[in-house]
Amino acid sequence: MKKYPYPVSEVRRFLEPGPIVLVSSHWQGKDNIMTLGWQTVMEFSPSLIGCMISAGNHSFEMIKASRDCVINLPEVGLLDTVAQIGNCSGSNTDKFTRFGLTPEPAQSVGAPAVAECFASFECQIYDDVLVDSYNFFIFEVLCARVKSLTDWPQTMHYTGDGIFRLDGETVNRHQWFTKVS
């Protein structure tokens with residue numbers, strides 16, 4: 001099968017690392033939520049997640065100053081809300097109020113969780129060596145809460161230009177995976 005040239009600046013459309021998340025933050029009495037698609041698991045224990053948060057986002061300075069956030073995993077039912085949150089600034093908008101979302105107290109960080117999301121991962125900055133150069137935060141998950149231990153959420157993935165892909169069916173190949181030491 002023939003392959004066609006593709007702009008290298010657009011390869012992210014194929015390689016987005018994970019589902020869209022809502023990152024909530026709190027600083028100086030203000031809460032904010034941002035939509036984020038550039039995160040990746042970095043380590044199992046301690047549980048580390050890397051996030052590229054553009055310095056142009058209002059959340060960037062809030063998270064840099066507070067040194068914590070909550071990474072919330074929305075389900076596909078929140079797709080329109082997720083898209084709209086990603087297209088307005090928290091510098092002049094209370095996004096919890098505007099989008100009818102419920103701030104939920106976190107157990108281990110100052111930022112609130114988003115009650116409507118399937119999961120909430122409370123994080124603190126673990127390593128900030130790449131923040132100034134690449135806007136890349138490395139967070140440690142301190143507390144994780146999920147709505148179900150048996151159901152898997154249907155998540156969404158962003159490919160750019162307002163186009164989202166939705167998770168499909170789950171396929172089990174557990175029998176082929178063994179714990180390797």
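Quick caveat, the model's predicted, so the values are computed rather than measured.

Visitor: I tried to follow unusual backbone geometry on my own but got confused; where do I start?
Guide: The step from Ser 45 to Pro 46 runs through a cis peptide bond, and the omega angle for that step is 5°. Its location among the elements puts Pro 46 in the loop between strand 3 (39–43) and strand 4 (48–52). Its identity as a non-glycine residue notwithstanding, Asn 135 has a phi of 60°, on the positive side.

Visitor: Help me out: how do you make sense of the layout of surface pockets in this one?
Guide: A water-sized probe, rolled over the atoms, reveals where empty space remains. Its boundaries defined by the atoms lining it, the largest pocket holds a volume of some 650 Å³. Along its surface, the largest pocket is lined by 29 residues, and Pro 19, Val 41, Leu 73, Phe 121 and Trp 152 are the ones closest to its centre. Contributions of two or more residues to the lining of the largest pocket are made by strand 3, strand 4, strand 5 (68–73), strand 8 (119–127) and strand 9 (136–146). In terms of residue count, the dominant contributor to the lining of the largest pocket is strand 3 (four residues).

Visitor: Explanation requested: the nonpolar core in the structure shown.
Guide: Most often, soluble globular proteins keep nonpolar side chains buried together rather than apart. Val 23, Ile 53, Ile 71, Phe 137 and Phe 139 are the most contacted members of the largest nonpolar core, which has 20 residues in total. Put simply, the parts of the chain that give this core at least two residues each are strand 1 (21–27), strand 2 (30–36), strand 4, helix 2 (58–66), strand 5, strand 8 and strand 9. For Val 23, the contacting residues outside a window of four places in its chain are Asn 32, Ile 33, Met 34, Leu 36, Ile 63, Cys 69, Val 70 and Ile 71. With 13 residues, the next largest nonpolar core counts Ile 20, Leu 78, Leu 101 and Met 156 among its residues.

What counts and what doesn't
Residues numbered from 1 in each chain as written. Predicted model: local features only at pLDDT ≥ 70, side-chain atom pairs only at ≥ 80, totals over all residues. Heavy atoms only, no water. Helix = DSSP H or I, 4+ residues; strand = E, 2+ residues; numbered from the N terminus. 1 Å grid on protein atoms, 1.4 Å probe; cavity = no way out; pocket = protein on both sides within 12 Å on 5 of 7 lines; lining within 4 Å. Points joined across faces, edges and corners; volume = space filled by probe spheres on them. Core = buried A, V, L, I, M, F, W, Y, C linked by side-chain atoms within 4.5 Å. Buried < 20%, exposed > 50% of the residue type's maximum accessible area, 1.4 Å probe, protein only. Contact = heavy atoms within 4.5 Å.

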